[in-house]
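# Structural description and commentary
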Amino acid sequence: MSQPVNQLNTSRSLLKFILLSIITLGIYSLFFYAGIAHDVNLTASRYDGKKTMSYWLLAFIIGPITLGIGTLVWFHRLSNRLGSELSRRGIAYSFDASTFWLWNVLGSLIAVGPFIYLHKLAKASNLVNESYNVNG
């Protein structure tokens, strides 16, 4: 396989997410999730035949209309696709929808759970993007 023309972002991190979200009053978080959705569509769609909905559509239309249920479904599906792509590429990193439900949803009871999920999401995205940047 040939290397892709554009290199995908491999520098996502929890610390960067927190700091830039505070500085931009939450706007960075929209770009963070939209970027991950775009990257997953770019790296996985030709193999799994799926397309993750734009985070912009989710954040401004679907999420509010469904009272947040659409957001849960979106993160469930995104996490599964990212986990499947990690497996397909032979990357030994455990991440899937159970990571979302256990850390982001149930983990919110211990306050730090969503941060652990964000860290795992950023790392999984970086690993897939690194593989894509090298192997296409």
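So, here's what we can say about the structure. Worth saying up front: this structure is predicted, and the values here are computed from it rather than measured.

### Examining the packing of aromatic side chains
Applying the stated criterion across every chain yields a total of 17 aromatic pairs. Ring plane angle 10° and centroid distance 5.7 Å describe the contact between Phe75 and Phe100, whose orientation is recorded as stacked. Taken as a pair, Phe75 in helix H4 (residues 69-88) and Phe100 in helix H5 (residues 97-105) lie far apart in primary sequence, 25 residues in all. For the pair formed by Phe75 and Phe100, the shared burial category is buried. One aromatic cluster in this structure is built from Phe17, Tyr28, Phe32, Tyr33, Tyr55, Trp74, Phe75, Phe95, Phe100, Trp101 and Tyr117. The ring of Tyr47 has Arg88 sitting right over it, with the charged end atom 3.3 Å from the ring centre.

### A few points about helix H6 (residues 113-135)
With 23 residues, H6 should reach 33 Å at 1.5 Å per residue; the first-to-last C-alpha distance of 33 Å fits that figure. Just beyond H6, the residue with positive phi is Gly136, at close to 80°.

### Quick word on the packing of H5 against H6
The N-to-C vectors of H5 and H6 enclose an angle of 145°; their axes lie 6 Å apart at closest approach. Residue-level inspection shows Thr99, Phe100, Trp103 and Asn104 of H5 in contact with H6, the latter providing Gly113, Pro114, Ile116, Tyr117 and Lys120. Split into classes, the residues belonging to the contact of H5 with H6 amount to five nonpolar, three polar and one charged.

### Some points on a nonpolar patch on the surface
Judged by side-chain polarity, Ile27, Phe31, Met53, Trp56, Leu57, Phe60, Ile61 and Ile65 come together as a nonpolar surface patch covering roughly 790 Å² of accessible area. Put simply, the parts of the chain that give the nonpolar patch at least two residues each are helix H2 (27-48) and helix H3 (55-65). Looking at which element gives the most residues to the nonpolar patch, the answer is H3, with five residues. Along the chain, the position of Ile27 falls in helix H2. Given a relative accessible area of 46%, Ile27 falls into the partly exposed group.

### As for the packing of H3 against H4
Two elements in contact, H3 and H4, have axes whose closest approach is 9 Å; the angle formed by their N-to-C orientations is 155°. In terms of orientation, H3 and H4 fall into the roughly antiparallel class. In terms of crossing hand, the pair formed by H3 and H4 is right-handed. Across the interface between the two elements, Tyr55, Leu58, Ile62 and Gly63 from H3 touch Gly70, Thr71, Trp74 and Phe75 from H4. For the contact of H3 with H4, a count of residues per class yields five nonpolar, three polar and no charged.

Procedures and definitions
- Residues numbered from 1 in each chain as written.
- Predicted model: local features only at pLDDT ≥ 70, side-chain atom pairs only at ≥ 80, totals over all residues.
- Heavy atoms only, no water.
- Phe/Tyr/Trp six-rings, centres within 6.5 Å; stacked < 30°, edge-to-face > 60°.
- Helix = DSSP H or I, 4+ residues; strand = E, 2+ residues; numbered from the N terminus.
- Buried < 20%, exposed > 50% of the residue type's maximum accessible area, 1.4 Å probe, protein only.
- Lys NZ or Arg CZ within 6 Å of the ring centre and 35° of its normal.
- Expected span 1.5 Å × (residues − 1).
- Axes fitted to C-alpha atoms, helices over the stretch in contact; angles between N-to-C directions.
- Contact = heavy atoms within 4.5 Å.
- Nonpolar A, V, L, I, M, F, W, Y, C, P; charged D, E, K, R; others polar.
- Patch = residues over 30% accessible without salt bridge, like charges linked within 9 Å, V, L, I, M, F, W, Y side chains within 5 Å.
- Areas by Shrake-Rupley, 256 points an atom, 1.4 Å probe, with all protein chains shown as cover.
- Salt bridge = Lys/Arg side-chain N within 4 Å of Asp/Glu carboxyl O.
- Parallel < 35°, antiparallel > 145°, perpendicular 65-115°, else oblique.
- Left-handed = near helix turned anticlockwise from the far one by under 90°.

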